[in-house]
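Spelled out from the first residue to the last, the chains are:
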Amino acid sequence: MPKLPLEGIRVLDITVVWAGPYCTQFLGDLGAEVIRIESLNTFVPLGRGPMAHPTEETLREMSPWTGGTPDRQPGARAWNRYPIFNAHARNKLGMTLDFLRPGGMDIFKRLLKISDVLVENNPTETMERLGISYQLLQGQNPGIIMLRMPAYGNDGAYQNHRAYGLHIEGVIGHTLQRGYADMDPSANTSVLMSDAAAGTQGAFAVMAALHHRKRTGRGQLIELSQAENTMSFLGQSFMDHSMNGRNAATLGNRHPYAVQGCYPCKGEDRWATITIFDDNDWTAFKQALGNPDWCREEKFSDSISRYHYHDDLDRHIGEWTQRFDSYEVMQLLQNVGIAAGPVMDQRDAYADPHLNQREFFEVVHQEDTGTHVYPGIAYKMSETPIKTRRGPVRLGEDNEYVYKTLLNCTDEEYSELEAQGHIGMDYPEEIP
Amino acid sequence: MPDLALGDVKVLDLTNLVAGPYCTKLLADYGADVIKVEIPGLGDGARRLGPFPGDMPHREKSGLFLHLNTNKQSITLDLQTEAAGIVIRELIREADILVESFRPGTMAQLGMAYESLRSINPTLVMTSISNFGQTGPYRDYRLTDVMVYGMGGEMYSTGIAEREPVKLGVNVLLYQAGATASVATMGALFAARDQGIGQHVDVSIMETQAGSIDRRMSTLIGFQYTGEITGRNPHGSGAGYPFGATPCSDGYFEVSAGRGYFPRAVSMLGSPAELDDPKWYAPGAQMDMELKQEFDTMLMIWSLERTKSEAWAIAQESRVLSAPLNTMGDLAVDPEFNRRGAFVEIEHPVAGTLKYPARPFIMNDCPWSIRRPAPLLGEHNSEVLSRLGYRAEDVVRLRQQGVI
């Protein structure tokens, strides 16, 4: 039986919110032993969830994707039950340690000695205040790899600027290139595209450094500015500015030259997207619709004219799509070779025949949440299949293993660290 | 010779357009030796997509292609021919990684099903990037970037309740798919080098969104836990203020300082007397739509007197989560990003010297570098073939036969 690709690699994870934890989840999926270090005495907003000790009333007000705990109940430990955290917490171990309390940094140094990688994504000044730097790490372990993922950079004027992914996307120009073309950006939704980019490429960066270390024996510091990391994704618009001085604006759901849109379907809030590229597509599309009279209008006769009369065409297409379910629209059009698909809500995704046939979802158990069906791994490997080996990590659930087995703490030391507020599985009641 | 992170990795690149080439760009930019195989006379489809200087199409001047293919070599091969099959097998024998983005089934039609390649190179990593993956009922369906977000990602809850769902900008999701493929490919490379295991990696672009941290995994889990759907909110709604874009003298500025962060927003506005009123701090104040409107008006009066970068600097003094909504032009001249080296000028023999986005991350021990600009179509035919032992007259013959 082959080993998982990163088996034998130990990663210390002091990341917060989304980008960092998503990065270490990739590494954990591939077999690294990821040890997530959290403090019992600080509850990072949007980290483990909206609140440590919510009442049932406050929980009910939260969006399903952030605060939607099972059956909207806080349970004994709400912080292990939030979707916003449990989406990036599989295949990791959990320990608690407070860097700010006496003894905290000593434990951290002992961990550094036996680890290969440290990942963090905090504001630069937070790491400086804690005294955590690459020099500190190398002092304990010369071959260690450190991945830092600041919002903008670890130096310069923006190094401590506060940002979520949504702000980073504003700075690098994505926000003005998405959203409705006929509305101002106040109608834009907060998306986490740059968190996804940072987490993914952060994992790639760590593996590139591990690969290099195998050859040279040397570790290194990697600085991934989340802003700079995502600029590449906008390369097409950036190059248009370099070449033509143009500032790309949002096209809404439209395509630069094809006919494209998101059209209403039968039922409440049901939608399908369709793209019609060229004359071949158009001929097939007309046939799928049964060649209605409006298709023969002169203004729809060639692709340039169709693009020019896009609004008129959209009205006709929308009238047709409303007669069908969004999945029927996909089937009717894909059967004749047209790009079309439903906009899937979450129920659709769980019921989707394609995702299910490819076994995308996995049944996973976690003690404080129960047994549920979770989204799985975004790629398939034939010889080292990647699966959820362990459900969303609970706060401090592997303290015994880390402190006693890895760090050889005696029972006495362990109890002392518990008394000092380093070790535990519960946030104190004072934290709201 | 600089010490490149992936300097000892050889990649054969049979990809096209955006997702596949972005995956191999990451490998190439961090040091891998990438040979890109293109269709003779036609090349990668991205060569026909813009932007082009002055909007004049030219296969060596596509901004999209130039950006996605830095540090790669290009050879042209008509894979339908027997002679090309011989060349490609020789390249596969020496490769660590093959990345392809054909429609599922095409590799088998070309005689390159993974199982058959394994006999040539038992530790080969083959990464296939396709719309919906190599299996499943949608396998042969077409896909566009708006569909990626609609079917795989979180389009359903993106936008406002009064309108249709709306996609993300340009083709960012295809880059995310390429980046995800690069992670899986690196994982497979580890198994190949450490354990001598070759394998086939199947990347479905749809699943790179279904498994994305851009809210989709959370909304799925939220539905699983509660049975509740995450949808789009009405325009201007949502708990907590200030939140969202507000106009400035030269564009827009975005702030998130609701709920617990509200005092930071008050400080950003210079703590005016009106905001001393206890009504702003009463329980429920953050959910009160009239108060929200009153505050948003004060904010707008403040922001309209400032440029977006002035507003950003002041907001950050009060540690307000915030951002200017920059254009590409704003970004390209930003002094900080320019000083840090976020952009690079690359000289290309046909397209000239242009400014490109540079490294996504800085590896302090093995610097990112542009060793060569995006290749001309078939630029490295002679070089690669002569390395494989073909003589000059063989290359002429292959060219005459239309193989290269």
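Student: I keep staring at the overall build of chain A and nothing clicks. Help me out?
Tutor: In terms of regular secondary structure, chain A is built from 19 helices and twelve strands. Along the first, second and third principal axes, the C-alpha atoms of chain A reach 85 × 50 × 45 Å. Each of the 432 residues in chain A was classed as buried or not, and the buried ones make up 54%.

Student: I tried to follow helix 15 (residues 326–334) of chain A on my own but got confused; where do I start?
Tutor: In an α-helix there are 3.6 residues to a turn, and that puts residues three or four apart on one side. Residue and element names in this part refer to chain A. Ser326, Val329, Met330 and Leu333 are the residues of helix 15 that are buried. Within helix 15, the buried residues cover an arc of 100° as seen down the axis, which keeps them to one side. In this fold, the buried residues of helix 15 make contact with strand 8 (271–276), helix 12 (279–288), helix 14 (310–321) and strand 9 (339–342).

Student: Quick question: what am I supposed to make of the sheet that holds strand 1 (residues 10–14) of chain B here?
Tutor: Strand pairing in a sheet is mediated by backbone hydrogen bonds. Such pairs are either parallel or antiparallel. Read across the open sheet, the seven strands follow the order 12(A)-6(B)-5(B)-4(B)-1(B)-2(B)-3(B); overall the sheet is mixed. The outermost strands of the open sheet, each flanked by one partner alone, are strand 12 (380–381) of chain A together with strand 3 (72–76) of chain B. Pairing between strand 2 (residues 33–38) of chain B and strand 3 of chain B: five bridges, direction parallel. Across the sheet, the residue bridging to valine 34 of chain B is lysine 72 of chain B, located in strand 3 of chain B.

Student: Sorry, what's going on with the sheet that holds strand 9 of chain A here?
Tutor: Residue and element names in this part refer to chain A. The strand order across the open sheet built from three strands is 7-8-9, with neighbouring strands paired in antiparallel fashion. Here the strands that pair on one side only, and so sit at the sheet edges, are strand 7 (259–264) and strand 9. Taking the axes of each pair of neighbouring strands and ignoring which way they run, one obtains an average angle of 10° across the sheet. For strand 8 and strand 9, the ladder comprises four bridges, and the chain directions are antiparallel.

Student: Quick question: what am I supposed to make of the domain arrangement of chain B here?
Tutor: Often, the extent of an interface is quoted as the loss of accessible area upon association of its parts. Taken domain by domain, chain B consists of domain 1 (10–213 + 339–400) and domain 2 (243–326). Computed from C-alpha atoms alone, the centre-to-centre distance between domain 1 of chain B and domain 2 of chain B is 44 Å.

Student: Would you take a moment to explain the packing of helix 1 (residues 19–29) of chain A against helix 9 (residues 193–216) of chain A for this structure?
Tutor: When two helices pack together, their arrangement is given by the angle between the helix axes and by the axis-to-axis distance. All names here are of chain A. Close contact between helix 1 and helix 9 brings their axes to 7 Å; oriented N to C, the two are set at 45°. One way to sum up the angle between helix 1 and helix 9 is to call them oblique. In this structure, helix 1 crosses over helix 9, and the sense of that crossing is right-handed. Contacts from Ala19, Tyr22, Cys23, Phe26 and Leu27 of helix 1 reach helix 9 at Asp195, Ala196, Ala198, Gly199, Thr200, Gly202, Ala203 and Val206. Residues belonging to the contact of helix 1 with helix 9 are distributed by class as follows: nine nonpolar, three polar and one charged.

Student: Explain helix 11 (residues 235–244) of chain A to me, please; I cannot follow it from the model alone.
Tutor: Summarising burial for helix 11 of chain A: nine of the ten residues are buried, a large majority. Elements that come into contact with the buried residues of helix 11 of chain A comprise helix 10 (226–231) of chain A together with helix 2 (63–68), helix 13 (328–332) and strand 11 (352–357) of chain B. Following helix 11 of chain A by one or two positions, glycine 245 of chain A adopts a phi angle in the positive range, close to 65°.

Student: It is not clear to me how the pairing of strand 6 (residues 199–204) of chain B should be interpreted in this structure. Could you clarify?
Tutor: One face of the sheet, then the other: side chains in a regular strand alternate in exactly this way. Burial analysis of strand 6 of chain B places six of its six residues in the buried class, which makes it a mostly covered element. Where burial is concerned, the two faces of strand 6 of chain B agree: the one with Gln199, Val201 and Val203 of chain B and the one with His200, Asp202 and Ser204 of chain B are both buried. In terms of strand pairing, strand 12 of chain A meets strand 6 of chain B through two bridges, oriented antiparallel. Its bridge partner lying in strand 6 of chain B, lysine 380 of chain A is registered against aspartate 202 of chain B. When strand 5 (residues 125–130) of chain B meets strand 6 of chain B, the two strands line up parallel, connected through six bridges. Within the sheet, the bridge partner assigned to methionine 126 of chain B lies in strand 6 of chain B and is histidine 200 of chain B.

Student: Explain the pairing of strand 5 of chain B here, please?
Tutor: Residue and element names in this part refer to chain B. Taken across its six residues, strand 5 has six buried, putting it largely inside the fold. Direction of pairing for strand 4 (residues 97–100) relative to strand 5: parallel, over a ladder of four bridges. Within strand 5, the position partnered with isoleucine 97 by the bridge is valine 125.

Student: Can you walk me through unusual backbone geometry in this structure?
Tutor: Excluding glycine, a negative phi dihedral is what most residues carry, and trans is how most peptide bonds are arranged. Residues and elements named next belong to chain B. The omega torsion across glycine 50 and proline 51 is -5°, close enough to zero to call that bond cis. Tracing the backbone shows proline 51 in the loop between strand 2 and helix 2. With an omega dihedral of -5°, the bond running from tyrosine 241 to proline 242 counts as a cis peptide bond. Among the secondary structure elements, proline 242 is positioned in the loop between helix 9 (216–226) and strand 7 (243–248). Backbone geometry at arginine 319 places phi at a positive 55°, although glycine is not the residue there. Tracing the sequence through the fold places arginine 319 in the loop between helix 12 (308–317) and strand 9 (321–324).

Student: How should the interface of chain B and chain A be read in this particular structure?
Tutor: The interface is formed by 121 residues belonging to chain B together with 130 residues belonging to chain A. Tallying contributions element by element places helix 7 (residues 172–195) of chain B first for the side of chain B that touches chain A, with 15 residues. Of the residues contributing to the side of chain B that touches chain A, the split by class is 65 nonpolar, 39 polar and 17 charged. Note: strand 6 (residues 221–223) of chain A against strand 12 (residues 362–363) of chain B, two bridges, orientation antiparallel. Residue pairing across strands places isoleucine 222 of chain A opposite methionine 363 of chain B, the latter belonging to strand 12 of chain B.

Student: Please clarify how the environment of aspartate 78 of chain B should be interpreted in this entry.
Tutor: Residue and element names in this part refer to chain B. By the secondary structure assignment, aspartate 78 is in the loop between strand 3 and helix 3 (82–94). What makes aspartate 78 partly exposed here is the crowd of 16 C-beta atoms within 10 Å. Residues aspartate 78 and valine 255, spaced 177 residues apart in sequence, show a C-alpha to C-alpha distance of 53 Å. Not counting residues within four places of it along the chain, the set of residues in contact with aspartate 78 comprises Pro40, Ala84, Gly402 and Val403.

About the thresholds
- Residues numbered from 1 in each chain as written.
- Chains lettered and ligands numbered in written order.
- Predicted model: local features only at pLDDT ≥ 70, side-chain atom pairs only at ≥ 80, totals over all residues.
- Helix = DSSP H or I, 4+ residues; strand = E, 2+ residues; numbered from the N terminus.
- Buried ≥ 20, exposed ≤ 12 C-beta atoms within 10 Å, placed from the backbone.
- Arc of directions from axis to C-beta.
- Contact = placed C-beta atoms within 7 Å.
- Pairing = 2+ DSSP bridges.
- Axes fitted to C-alpha atoms, helices over the stretch in contact; angles between N-to-C directions.
- Domains from an automatic or database assignment.
- Parallel < 35°, antiparallel > 145°, perpendicular 65-115°, else oblique.
- Left-handed = near helix turned anticlockwise from the far one by under 90°.
- Nonpolar A, V, L, I, M, F, W, Y, C, P; charged D, E, K, R; others polar.

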